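Geometric and topological summary
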Amino acid sequence: MKAMEIRHRRENGKEIVAVHTPDGSEYRIARWPIIPILTELEAAIDALWSGYEDAIEYMDDFDAELVTFKSEVPGAATAIIQKIEEAGLGCRA
């Protein structure tokens, strides 16, 4: 199954989220300053959500059938999937 992959990391005081196409190419990337009032996990979930919204918009363009998540923040990938499911959305086309 082809998947869009959302990757999150923190680097040089910034949240960085990248959307990767099924072939592994970096399609879109966003960076913004770390928001100090959010916990590391909250910030990671926020970043992954931002990437998710981008990925679902372009899934058809890349014949992707699902979205996967990676983050250097422990528990963030599991938490974003739970949040998506709670919102009644999904990670599959």
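The structure we're discussing is the one just above.
Anyway, here's the lowdown on the structure attached to this text. (Residues numbered from 1 in each chain as written. Predicted model: local features only at pLDDT ≥ 70, side-chain atom pairs only at ≥ 80, totals over all residues. Heavy atoms only, no water.)

Brief notes about the pattern of salt bridges
- Evaluated as defined, the whole model comprises six salt bridges.
- Where E11 meets R9, a salt bridge forms, and the shortest distance between an N and an O atom there is 3.2 Å.
- The exposure class of R9 is partly exposed, given its relative accessible area of 30%.
- Of the charged contacts in the structure, one is a salt bridge between E15 and R10, with a shortest N-O distance of 2.7 Å.
- Given the relative accessible area of 1%, E15 is considered buried. (Salt bridge = Lys/Arg side-chain N within 4 Å of Asp/Glu carboxyl O. Buried < 20%, exposed > 50% of the residue type's maximum accessible area, 1.4 Å probe, protein only.)

Structural notes on the environment of K2
- By the element assignment, K2 lies in the segment before β1 (3-11).
- With 62 residues separating them along the chain, K2 and A64 place their C-alpha atoms 4.7 Å apart.
- If sequence neighbours within four positions are ignored, K2 has contacts with P22, F62, D63, A64, E65 and L66. (Helix = DSSP H or I, 4+ residues; strand = E, 2+ residues; numbered from the N terminus. Contact = heavy atoms within 4.5 Å.)

Regarding the packing of helix α1 (residues 40-58) against helix α2 (residues 76-86)
- Running from N to C, α1 and α2 point in directions that differ by 60°, and their axes come no closer than 9 Å. Classified by the angle their axes make, α1 and α2 are oblique. Crossing angle aside, the handedness with which α1 passes α2 is right-handed. Facing α1, whose interface residues are L41, A44, I45, L48, W49 and Y52, α2 presents A76, A77, A79, I80, K83 and I84.
- For the contact of α1 with α2, a count of residues per class yields 11 nonpolar, no polar and one charged. (Axes fitted to C-alpha atoms, helices over the stretch in contact; angles between N-to-C directions. Parallel < 35°, antiparallel > 145°, perpendicular 65-115°, else oblique. Left-handed = near helix turned anticlockwise from the far one by under 90°. Nonpolar A, V, L, I, M, F, W, Y, C, P; charged D, E, K, R; others polar.)

Topic: the nonpolar core
- Within the largest apolar cluster, 23 residues are counted, with the highest numbers of intra-cluster contacts made by M4, I6, V67, F69, I80 and I84.
- Elements with a minimum of two residues in this core: β1, β2 (14-20), α1, β4 (66-71) and α2.
- The leading source of residues in this core is α1, at eight residues.
- Excluding its chain neighbours within four sequence positions, the residues that come into contact with M4 are V19, H20, T21, P22, A55, Y58, M59, F62, A64, L66, V67 and T68. (Core = buried A, V, L, I, M, F, W, Y, C linked by side-chain atoms within 4.5 Å.)

Considerations on the side chain of T21
- Within the fold, T21 resides in the loop between β2 and β3 (26-33).
- Overall, the relative accessible area of 7% leaves T21 in the buried class.
- A polar contact is formed between the side chain of T21 and the side chain of D23, at a distance of 2.5 Å.
- Beyond its immediate stretch of four places on either side in the chain, T21 contacts A3, M4, Y27 and F62. (Polar contact = N/O pair within 3.5 Å; in protein donor to acceptor, adjacent residues only side chain to side chain.)

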